[in-house]
Amino acid sequence: MNFARIFGVSRHRLTTDGEGVTTLVAFNGCPLRCKYCLNKASWDLSKGRDYSPELLFEEVKIDQLYFLATHGGITFGGGEPMLQVEFIKAFRELCGPHWRIVAETSLNVPFENVEALDPILDGYIVDIKDMNPTIYRLYTGKDNDRVLHNLKWLLVSGDPKRIIVRVPHIPDFNTDEDVARSREQLNALGVVNFDEFQYVMR
Ligand code: SF4
């Protein structure tokens, strides 16, 4: 059976994670260990609830009229949604082509996952952290080779406008100059939509 563990379903989000009215669906499981992660609940696979694509569709379809009227839909986040290839594919079959489906992702996933999901997804919000591999490793505990490979492929395989890249100012990990350098490098790769912001410490 096709199940995924989900730790949150949040309705009626307006333009926070893509166009229109969206429902955020947050999967458990993440390959990274970001120092200031706000979703540490996603690291614990014992938390959350198991959903089949059918059960999730039944729960979120209450907002179908909003999605269709505002060109909104589902934002899959987490955790790392791009580890859930079969689940998202099955969900798309249930909701049909008119809901907008966006992945809020680190892109630190196998290339096969990106290739398999790209025909199904309408957009991406990519949390790039920092383009500098040393800063990335210190902040997340992982290398960013896969991120760059996957992002480059996405930029040439479809419209770059479907991708928003988040470029955070991360206290104690990067400087304003580092962020500016990341933006320059991303620009050179063909990124056109940026979301530059300051991490707020809680
Ligand atoms: S990628 Fe997101 S969910 Fe995963 S550790 Fe980093 S901030 Fe947390």
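Residue indices begin from 1 for each chain and proceed along its sequence in written order. Per-residue local features of the predicted model are confined to residues with pLDDT of at least 70, and side-chain atom pairs are confined, for both listing and counting, to 80 or more; whole-chain, interface and lining totals are unaffected and use all residues.

Engineer: I'd like a rundown of the overall build of the protein, residues and numbers included.
Structural biologist: A count of helical and extended segments in the protein gives seven helices and eight strands. For a compact globule of 202 residues, the expected C-alpha radius of gyration is about 17 Å, and the protein comes in at 16 Å, within 12% of that figure. Considered along the principal axes of its C-alpha atoms, the protein spans approximately 45 × 35 × 30 Å. Note on burial: count the other C-beta atoms lying within 10 Å of the residue's C-beta; 20 or more is buried, 12 or fewer is exposed, in between is partly exposed, and C-beta positions come from the backbone. Per-residue burial for the protein yields a buried fraction of 39% across its 202 residues. C-beta atoms are placed from the backbone for every residue, and two residues are taken to be in contact when these atoms lie within 7 Å. In the protein, the proportion of contacts linking residues at least 24 apart, taken out of those at least 6 apart, comes to 73%. Secondary structure follows DSSP: runs of H or I at least 4 residues long count as helices, runs of E at least 2 residues long count as strands, and numbering of each begins at the N terminus. We take the radius of gyration over the C-alpha atoms and set the globule estimate at 2.2 Å times the residue count to the 0.38 power.

Engineer: Quick rundown of helix α7 (residues 176-189)? Include the residues and the values.
Structural biologist: By this rule, a helix spans an expected 1.5 Å times one less than how many residues it contains. With 14 residues, α7 ought to run about 20 Å at 1.5 Å a step, and its terminal C-alpha atoms sit 20 Å apart, in line with that. Immediately downstream of α7, the backbone of glycine 190 shows phi near 115°, a positive value.

Engineer: Please give an account of the environment of valine 200 that cites residues and values.
Structural biologist: As for its placement among the helices and strands, valine 200 is situated in the segment after β8 (193-198). Its 8 C-beta neighbours within 10 Å are what place valine 200 among the exposed residues. Linking valine 200 and proline 160, residues 40 residues apart in sequence, is a C-alpha distance of 28 Å.

Engineer: Lay out the environment of phenylalanine 76 with the relevant residues and their values.
Structural biologist: Tracing the backbone shows phenylalanine 76 in strand β4 (residues 73-77). Sequence separation between phenylalanine 76 and glycine 190 is 114 residues, and the spatial gap between their C-alpha atoms is 24 Å. Not counting residues up to four positions away in its chain, the partners in contact with phenylalanine 76 are Val25, Phe27, Pro81, Ile88, Ile101, Ala103 and Glu104.

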